Each structure stands twice: as structure tokens, then as C-alpha cells.
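Each chain, letter by letter, is given below.
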Amino acid sequence: MNYPQELLPQTDYKLIDCNVENCFLLRLVDDAIQEEMINPETGYIRVNLICSPRERIYDLSVILLGVYTQNHIPIELTREGKTKFGGYCEPNSTISDPPVYNDHFVLNKNKRFWVSKISSISNIEVPYSRDNSNHTVRCYVKHTPTKWNFWHYSLRWESSEGNLDDMDEKKRGKVLQRMANEARVMLSRMANVEYPQIEALPASCYQKKSPVAA
């Protein structure tokens, strides 16, 4: 099986720069967790299926639906594949040796997922207290292409104390300790296990304009 070329960065690609608020993000669920997705007591997705451990909420890997579709969900990187292709990259990177079946990826037809509309999670605010002061963190989405998937996004957080990306590890750890569980709870209320109706983004959102001939 050949790796789907439509998932890879391309030389004429750029960071997605159009409004994606009406698009959906998909999060693949760790197969090691065998619980039912929905918590019968709350009616929402189980909090530990949003992410576990909870500190992973800081930079949560999700995928923009559109070009990436339900057909791609079974693709799973092997350990070697994660090492070689799991890192972030520039959108116009050249992947001259794409992932190889069995060596770098396999198909897992039992893969589970949750989805959420971007407008439902972007800008949600989570309160927390630290050092006798009240603060909030705001969720935002960021296009973070990887070598295996151009459509990879990240959920990130900006605190009233500063962007978590810019904090030193010690301070970020303290903030995460205070806000991570509540953030997972809020995301669980916005998430869904049903695959949505989607539309692909216009190519102009991610493809550079060809130079005009003289």
C-alpha cells in the first residue's frame, strides 16, 4: 500500500491562512484505553479520552478534516514512523521518501476518534487560581504541519499570565496543574463521536499562488 500523497506537505504549500472556524478537528484516541467513549453519568465523552495524561492538553494533536477524511483514520504510525515522520515541519517541505507500509505505518481499522467544530472550542476560556490570584486560559488552534500529515493542527493555550508556549517549563507545569483537568472537562462537552459532514478547504487557503507569466 502506498502512503496517501494528499496527506504530505508539498513544495507549493503554505500555512493555512483562511478562516477555519466552520471546519472540524479530529482527535485520534489512544487504543490502549478500552473504555466506552461516552460516560453514561454525564452523557459526554470521558475526560481521559480527551487526552491522557492530562498534561498533554498543553499541545494537543488534532487533524483538520477536509482533505483528511474518514478513509484516512486507520493510518497509524509505527514506532519507527513516529521517530522519522512525527515531527513538525515547514508546510512546503519535500518528503522525498514517504512513509512505507509496515515499516512506518500500518492500518488499524479499530481506531477511535472524537471531533469538534473549531468554532466550538476556539476561544473557550478556563478559569484557574494560582498564588492566591484568579486567572483564565484561552484555547486557540494552530496549524502545525508534520512530516506525515500536512493537516495536523494543535490546540494551544494562552493564559492571562502569558502564552504557555513562552513560559519556562517550571511555570508552565504549575499552570497546567491548575487548569488541565477543567480544560479537558470543557473540551469533552464540545466533542462528538459522530463523523460530521465536511467540505474541503479551497486550495487557495493552503496552496501558494503560481507566479504570473511575463
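Residues numbered from 1 in each chain as written. Predicted model: local features only at pLDDT ≥ 70, side-chain atom pairs only at ≥ 80, totals over all residues. Heavy atoms only, no water.

Draft legend 1. Region of interest: the packing of aromatic side chains. Counting across every chain of the model gives 9 aromatic pairs. Relative to tyrosine 206, the ring of tyrosine 13 has its centre 5.2 Å away and its plane inclined at 80 degrees; by these criteria the two rings are edge-to-face. Taken together, the residues span a long stretch of sequence, with tyrosine 13 in the segment before strand E1 (24-29) and tyrosine 206 in the segment after helix H4 (169-190) at a distance of 193 residues. No difference in accessibility class separates tyrosine 13 from tyrosine 206, as the two residues are buried. Each residue in the set Tyr13, Phe150, Trp151 and Tyr206 is aromatic and connected to the rest through ring pairs, giving one cluster. Note that arginine 172 overlies the ring of tyrosine 58, its terminal NZ or CZ placed 4.6 Å from the centroid. (Phe/Tyr/Trp six-rings, centres within 6.5 Å; stacked < 30°, edge-to-face > 60°. Helix = DSSP H or I, 4+ residues; strand = E, 2+ residues; numbered from the N terminus. Buried < 20%, exposed > 50% of the residue type's maximum accessible area, 1.4 Å probe, protein only. Lys NZ or Arg CZ within 6 Å of the ring centre and 35° of its normal.)

Draft legend 2. Here's a closer look at the state of the cysteines. Across all of its chains, the model carries 1 disulfide by this definition. Here cysteine 51 stays unpaired: no disulfide links it, and the sulfur of cysteine 139, its closest cysteine neighbor, is 11 Å away. With a relative accessible area of 2%, cysteine 51 lands in the buried category. Summary of cysteine pairing: cysteine 89 is not part of a disulfide, and the nearest cysteine sulfur, belonging to cysteine 18, is at 19 Å. (Disulfide = S-S within 2.5 Å.)

Draft legend 3. Representation of H4. Where H4 bends most, the angle comes to about 45 degrees, and this point is methionine 179. Among the residues of H4, those classed as buried are Arg172, Val175, Leu176, Met179, Ala180, Ala183, Arg184, Val185, Met186, Leu187 and Ser188. Where H4 is buried, its residues contact helix H1 (47-50), strand E2 (60-64), helix H3 (118-121), strand E6 (125-130), strand E7 (133-143) and strand E8 (152-159). Looking at where H4 begins, the residue whose side-chain oxygen comes 3.1 Å from the main-chain nitrogen of lysine 170 is aspartate 168. (Bend = angle between axes of the 7 residues up to and from the residue. Contact = heavy atoms within 4.5 Å. Polar contact = N/O pair within 3.5 Å; in protein donor to acceptor, adjacent residues only side chain to side chain.)

That's the geometry; what it means functionally is another story.
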